[in-house]
Amino acid sequence: MTSSDAPEIPDAAGGSTRPTLLVVGDSLSYYGPKGGLPADDPRIWPNIAAAELGWDVELVARIGWTTRDAWWAMTQDPRVWASIPRAGAVVLAVGGMDTLPSPLPTALREQLRYVRPASLRRVVRNAYGWLQPRLSPLGWPVALPARVSVEYLETIRDSLAYMRPDLPVIGTLPSVHRSEQYASVHKGRPAAARAITGWAAEKSVPLVDLAAAVRENIQSDDANPDGIHWGWDAHRKVAAAMVEAVRMVHRDADTVADGIR
């Protein structure tokens, strides 16, 4: 399928009539080898993929987002509501954070920003940062159990299907990391990958395996020194896999590329 084959969706406001690639993700969607980037940076994979398709893109993402945060975005973010009628496909680029070891309660990490005064917040944040890598070798618990992650993914997919039965949804398998913050531990990934793969097979959701696309890069010196975020080669490979996933859900899809299961 070429970009000209994509359906054009009317825009009541008189703007673009091109389909939108709606990406709900975490920081892997907008971080490069030196840190976070604006949503319109042409080097991050959502923009590379959208450019290849000839579509617009709406990136809804924040650092640390899990599948639970993705569901909250679907229900609370008006940018998502505005994008759904124009969407040509929705990519659920979340789930990796779910699999990371979280021996300290996730709720504690999320509440650190609210600690007052600022001097106390710095003390608590430093203590959390000291404990996290030292407790991570336990590998348990993870931020969200695989069963819960899949429940959120299915709730999102089912809700989208209710609003737009024709709207393709694309899922992802978790990335890999070598982060010192998590002591390079990733024991939660295999269970999550199995659960997501089973859900995707049951619901006919195409999957892009982020680990397959980025593993070589994340182990190289070209990746972000934090050991979690990717370099530009990984962004290009993920974008290529996403483009093939989008094309796969249309009738005249091209041959499925490596990285899609």
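Structural data are supplied above this passage.
What you see is a predicted model; the values in this text were computed from it and never measured.

## Observations concerning the nonpolar core
Here's step 1: Formed by 37 residues in total, the largest nonpolar core has its most connected members in Leu 21, Trp 45, Val 91, Ile 170, Trp 230, Val 238 and Met 242.
Here's step 2: At the level of secondary structure, the elements contributing two or more residues to this core comprise strand 1 (20–25), helix 1 (45–53), strand 4 (56–61), strand 5 (87–93), helix 8 (210–218) and helix 9 (232–248).
Here's step 3: The greatest single-element share of this core, amounting to eight residues, is contributed by helix 9.
Here's step 4: Residues within four places of Met 242 in sequence aside, it is in contact with Trp 45, Ala 49, Val 91, Ile 170, Thr 172, Val 208 and Leu 210.
Here's step 5: Counting 26 residues, the second-largest nonpolar core is a separate cluster that includes Ile 84, Leu 92, Val 150 and Leu 167.

## A look at the side chain of Arg 157
Here's step 1: Mapped onto the elements of the fold, Arg 157 is located in helix 6 (residues 146–163).
Here's step 2: Under the relative-accessibility criterion, Arg 157 is labelled buried at 16%.
Here's step 3: Here Glu 154 takes part through its side chain, which lies 2.8 Å from a polar atom of the side chain of Arg 157.

## Focus on helix 9
Here's step 1: The end-to-end C-alpha distance of helix 9, which contains 17 residues, comes to 24 Å, matching closely the 24 Å that a straight helix rising 1.5 Å per residue would cover.
Here's step 2: Ala 234, His 235, Val 238, Ala 239, Ala 241, Met 242, Val 243, Glu 244, Ala 245, Val 246 and Arg 247 are the residues of helix 9 that are buried.

## Here's the deal with unusual backbone geometry
Here's step 1: Cis geometry is adopted by the peptide bond preceding Pro 117, which originates at Arg 116 and carries an omega value of 0°.
Here's step 2: Position of Pro 117 among the secondary structure elements: in the loop between helix 4 (106–111) and helix 5 (118–135).
Here's step 3: Note that the residue after Trp 140, namely Pro 141, is joined by a cis bond; omega there is -10°.
Here's step 4: The topology assignment puts Pro 141 in the loop between helix 5 and helix 6.
Here's step 5: Located in the positive-phi region is Ala 183, a residue other than glycine, with phi close to 55°.
Here's step 6: Take Ala 183: it is sitting in the loop between strand 6 (169–173) and helix 7 (189–203).
Here's step 7: Using a relative accessible area of 29% as the deciding quantity, one classes Ala 183 as partly exposed.
Here's step 8: One non-glycine residue with positive phi stands out, namely Ser 184, at about 55°.
Here's step 9: You can see Ser 184 is positioned in the loop between strand 6 and helix 7.
Here's step 10: According to the relative accessible area criterion, Ser 184 is partly exposed, its value standing at 45%.

## Some thoughts on the sheet that holds strand 5
Hydrogen bonding along the main chain pairs the strands of a sheet, whether they run parallel or antiparallel.
Here's step 1: Within the open sheet, the five strands sit side by side as 4-1-5-6-7. Their pairing is parallel. The sheet is open, and its two edges are formed by strand 4 and strand 7 (207–209), each paired on a single side. The sheet shows a mean angle of 20° between the axes of neighbouring strands, taken without regard to direction.

## Some remarks on the pattern of salt bridges
Here's step 1: What the rule picks out here adds up to 15 salt bridges.
Here's step 2: Residues Arg 147 and Glu 151 are paired through a salt bridge, measuring 3.1 Å at the closest nitrogen-oxygen approach. Placement of both Arg 147 and Glu 151 in helix 6 is noted, with a separation of four residues, approximately one turn of the helix.
Here's step 3: With a relative accessible area of 55%, Arg 147 lands in the exposed category.
Here's step 4: In this structure, the salt-bridge partner of Lys 237 is Asp 233, at a minimum N-O distance of 3.5 Å. Here Lys 237 and its partner Asp 233 are both found in helix 9, four residues apart, which amounts to about one turn of the helix.
Here's step 5: Under the relative-accessibility criterion, Asp 233 is labelled partly exposed at 31%.

## A look at empty space enclosed by the protein
Here's step 1: What the rule picks out here adds up to one cavity of 30 Å³ or more.
Here's step 2: What the largest cavity holds in volume is close to 40 Å³.
Here's step 3: Taken together, Met 97, Leu 100, Pro 101, Ser 102, Arg 109, Tyr 128, Gln 132, Ala 143 and Tyr 182 make up the full set of residues lining the largest cavity.

## Details of the packing of helix 1 against helix 9
Here's step 1: Axis separation between helix 1 and helix 9 bottoms out at 8 Å; the angle between their running directions is 45°. In terms of their interaxial angle, helix 1 and helix 9 are classed as oblique. The way helix 1 lies across helix 9 gives a crossing that is right-handed. For the pair formed by helix 1 and helix 9, the contact residues are Trp 45, Ile 48, Ala 49, Glu 52 and Leu 53 on the first element and His 235, Arg 236, Val 238, Ala 239, Met 242, Val 243, Val 246 and Arg 247 on the second.
Here's step 2: Classifying every residue of the contact of helix 1 with helix 9 gives nine nonpolar, one polar and three charged.

About the cut-offs
Residues numbered from 1 in each chain as written. Predicted model: local features only at pLDDT ≥ 70, side-chain atom pairs only at ≥ 80, totals over all residues. Heavy atoms only, no water. Core = buried A, V, L, I, M, F, W, Y, C linked by side-chain atoms within 4.5 Å. Buried < 20%, exposed > 50% of the residue type's maximum accessible area, 1.4 Å probe, protein only. Helix = DSSP H or I, 4+ residues; strand = E, 2+ residues; numbered from the N terminus. Contact = heavy atoms within 4.5 Å. Polar contact = N/O pair within 3.5 Å; in protein donor to acceptor, adjacent residues only side chain to side chain. Expected span 1.5 Å × (residues − 1). Pairing = 2+ DSSP bridges. Axes fitted to C-alpha atoms, helices over the stretch in contact; angles between N-to-C directions. Salt bridge = Lys/Arg side-chain N within 4 Å of Asp/Glu carboxyl O. 1 Å grid on protein atoms, 1.4 Å probe; cavity = no way out; pocket = protein on both sides within 12 Å on 5 of 7 lines; lining within 4 Å. Points joined across faces, edges and corners; volume = space filled by probe spheres on them. Parallel < 35°, antiparallel > 145°, perpendicular 65-115°, else oblique. Left-handed = near helix turned anticlockwise from the far one by under 90°. Nonpolar A, V, L, I, M, F, W, Y, C, P; charged D, E, K, R; others polar.

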